[in-house]
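The lines below spell out each chain.
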Amino acid sequence: MKIAIIGCGNMGMAFANSFIQYNLVKKEDLLLIEKNKERGDILQEQKAGVVVDTISEKISSVNLVILSVKPQDYPSVSDELKQYLRPGQLVLSIMAGIPIKKIQESLSYPLIIRAMPNTPALLGMGMTAFASAPEVGLSDIRLAENLINSTGRAVFLEEESLLDAVTGLSGSGPAYFFYLIKNMIDAGIAMGFDPSMSALLVKQTMLGSYHLMQTSDKSLDELIQAVASKGGTTEAALKTFGEKEVGQGLQKGIFAARDRAVELAK
Ligand SMILES: NC(=O)C1=CN([C@@H]2O[C@H](COP(=O)(O)OP(=O)(O)OC[C@H]3O[C@@H](n4cnc5c(N)ncnc54)[C@H](O)[C@@H]3O)[C@@H](O)[C@H]2O)C=CC1
Ligand SMILES: O=C(O)[C@@H]1CCC=N1
């Protein structure tokens with residue numbers, strides 16, 4: 001198995017490192033194409049794979065090409081890449097927004113899989129949904145699924161259009177989680193704790209609550225009710241969240257992320 005990764009930033013390298021960790025590819029068979037010199041030098045020092053700074057005929061000998069540049073950088077990548085693709089190679093895009101059809105047209109190439117991962121893939125705890133072009137065979141879909149599974153969980157979507165909603169929900173989701181935690185820590189600081197004490201109180205609360213949610217047979221509403229005593233403190237917080245429309249605001253944010261993914265396709 002030979003793999004090329006075009007764009008070796010956060011996500012490209014999260015994928016690369018997981019493949020190496022699970023022996024799905026050897027470092028000498030992992031072509032890392034990174035245009036930024038500083039980033040390329042770091043990867044070179046880490047001996048992360050075969051590091052190069054341009055797309056070249058080396059691409060023609062790999063089984064799988066992963067597209068992990070920003071969507072805005074993709075037009076220049078497709079212009080260079082299309083001349084080197086050979087029949088039978090599989091192209092896996094993790095770029096937000098850009099639809100399979102558009103990738104097929106820009107590369108004049110049919111075998112495209114589109115996936116939306118998230119940053120916990122860095123730890124092998126990612127959540128990725130993926131969809132494939134109708135031309136891609138079952139064995140290539142399985143191949144992609146096995147590779148993605150090394151970065152966390154994978155789900156196959158029959159309907160590609162749902163990938164934009166996935167982007168708004170789980171793709172961007174880690175940022176929402178960190179945003180919530182940051183605001184809770186800031187509230188703790190505002191109430192007089194030093195930052196490290198506030199961070200400890202909040203992070204352990206989130207960790208414990210996550211595990212409680214995963215092991216309990218109660219619904220989320222029941223779990224909330226179990227904390228919110230009648231006339232008590234939690235109720236005061238929940239009332240304020242309701243008045244400030246925090247829940248609706250969160251949902252609107254998620255829809256905005258989904259809508260931005262749709263826009264990136266244009
Ligand atoms: N960061 C995230 O949480 C997620 C990102 N994505 C998608 O993954 C893609 C990459 O995102 P990140 O890794 O966060 O970005 P990043 O900025 O960390 O990495 C992109 C890399 O591509 C390189 N690059 C740009 N043009 C290039 C070219 N022509 N040839 C070779 N390398 C080139 C850049 O120098 C950079 O190192 C994006 O399309 C994004 O939509 C998907 C899911 C989650
Ligand atoms: O913010 C972005 O555009 C990318 C896609 C999902 C997470 N990060």
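For the structure itself, consult the block above.
Because the structure is a prediction, the values reported are computed rather than measured. (Residues numbered from 1 in each chain as written. Chains lettered and ligands numbered in written order. Predicted model: local features only at pLDDT ≥ 70, side-chain atom pairs only at ≥ 80, totals over all residues. Heavy atoms only, no water.)

Colleague: Can you tell me about the packing of aromatic side chains, naming the residues and giving the values?
Modeller: Here the distance between the centres and the angle between the planes together describe a pair of aromatic rings. Tallying each qualifying case throughout the model produces three aromatic pairs. With 5.3 Å between their ring centres and 70 degrees between their planes, Phe130 and Phe156 make a pair best called edge-to-face. Taken together, the residues span a long stretch of sequence, with Phe130 in strand E7 (residues 126-132) and Phe156 in strand E8 (residues 152-156) at a distance of 26 residues. Classification of Phe156 by relative accessible area gives partly exposed; the value is 33%. (Phe/Tyr/Trp six-rings, centres within 6.5 Å; stacked < 30°, edge-to-face > 60°. Helix = DSSP H or I, 4+ residues; strand = E, 2+ residues; numbered from the N terminus. Buried < 20%, exposed > 50% of the residue type's maximum accessible area, 1.4 Å probe, protein only.)

Colleague: Tell me what's going on with the site of ligand 1, and back it up with residues and numbers.
Modeller: The environment of ligand 1 is formed by 20 residues, the closest being Asn10, Met11, Glu34, Val69 and Ala96. Contact between ligand 1 and Met11: an oxygen atom at 2.9 Å from a main-chain N or O atom of the residue. Burial of ligand 1 by the protein amounts to 83% of the accessible area it has alone, namely 830 Å². Considering only residue class, the shell around ligand 1 consists of ten nonpolar, six polar and four charged. (Near = heavy atom within 4 Å. Polar contact = N/O pair within 3.5 Å; in protein donor to acceptor, adjacent residues only side chain to side chain. Areas by Shrake-Rupley, 256 points an atom, 1.4 Å probe, with all protein chains shown as cover. Nonpolar A, V, L, I, M, F, W, Y, C, P; charged D, E, K, R; others polar.)

Colleague: Quick one: what's the story with the pattern of salt bridges, residue by residue and with numbers?
Modeller: For the structure shown, the criterion picks out eight salt bridges. Notably, a salt bridge pairs Glu160 with Arg114, separated by 2.8 Å at the nearest N-O pair. Of this pair, Glu160 sits in the loop between E8 and helix H6 (162-171) while Arg114 sits in strand E6 (residues 112-116), and the two are 46 residues apart along the sequence. Residue classification places Glu160 among the partly exposed residues on the basis of a relative accessible area of 22%. (Salt bridge = Lys/Arg side-chain N within 4 Å of Asp/Glu carboxyl O.)

Colleague: I'd love a proper account of the packing of helix H3 (residues 74-81) against helix H4 (residues 100-107), names of residues and values included.
Modeller: In contact at an axis separation of 8 Å, H3 and H4 are set at 45 degrees when each is read in the N-to-C sense. Taken together, the axes of H3 and H4 lie oblique to each other. Counted together, Tyr74, Ser78 and Leu81 of H3 and Ile103, Ser106 and Leu107 of H4 form the full contact between these two elements. Partitioning the contact of H3 with H4 into residue classes produces four nonpolar, two polar and no charged. (Axes fitted to C-alpha atoms, helices over the stretch in contact; angles between N-to-C directions. Parallel < 35°, antiparallel > 145°, perpendicular 65-115°, else oblique. Contact = heavy atoms within 4.5 Å.)

Colleague: Which residues make up the site of ligand 2, and what values go with them?
Modeller: Around ligand 2 sit Ala96, Thr167, Gly171 and Ser172, and that is every residue in its neighbourhood. Computed on the free molecule, ligand 2 has an accessible area of 250 Å², of which 47% lies beneath the protein chains in the complex. Within the shell around ligand 2, the residues separate by chemical class into one nonpolar, three polar and no charged.

Colleague: Please give an account of a nonpolar patch on the surface that cites residues and values.
Modeller: The grouping of Met191, Phe193, Met197, Leu200 and Leu201 at the surface amounts to a nonpolar patch, some 520 Å² of accessible area in total. One can find Leu201 in helix H8 (residues 195-215). With a relative accessible area of 42%, Leu201 lands in the partly exposed category. (Patch = residues over 30% accessible without salt bridge, like charges linked within 9 Å, V, L, I, M, F, W, Y side chains within 5 Å.)

Colleague: For unusual backbone geometry, give the residues involved together with the corresponding values.
Modeller: Look at Asn23: it is not a glycine, yet its phi comes out positive at around 55 degrees. You can call Asn23 exposed: its relative accessible area is 69%. With a phi angle near 50 degrees, Lys47 is a residue other than glycine that sits in the positive phi range. Of the residues examined, Lys47 reaches a relative accessible area of 63% and is grouped as exposed.

Colleague: Can you lay out the side chain of Gln89 for me, pointing to particular residues and giving the numbers?
Modeller: Within the secondary structure layout, Gln89 lies in the loop between H3 and strand E5 (90-93). With a relative accessible area of 4%, Gln89 lands in the buried category. Engagement of the side chain of Gln89 in a polar contact is seen with the backbone oxygen of Ile59, the distance being 2.8 Å. The residues contacting Gln89, other than those within four sequence positions of it, are Ile59, Ser60, Ser61, Val62, Asn63, Tyr84, Tyr109 and Leu111.

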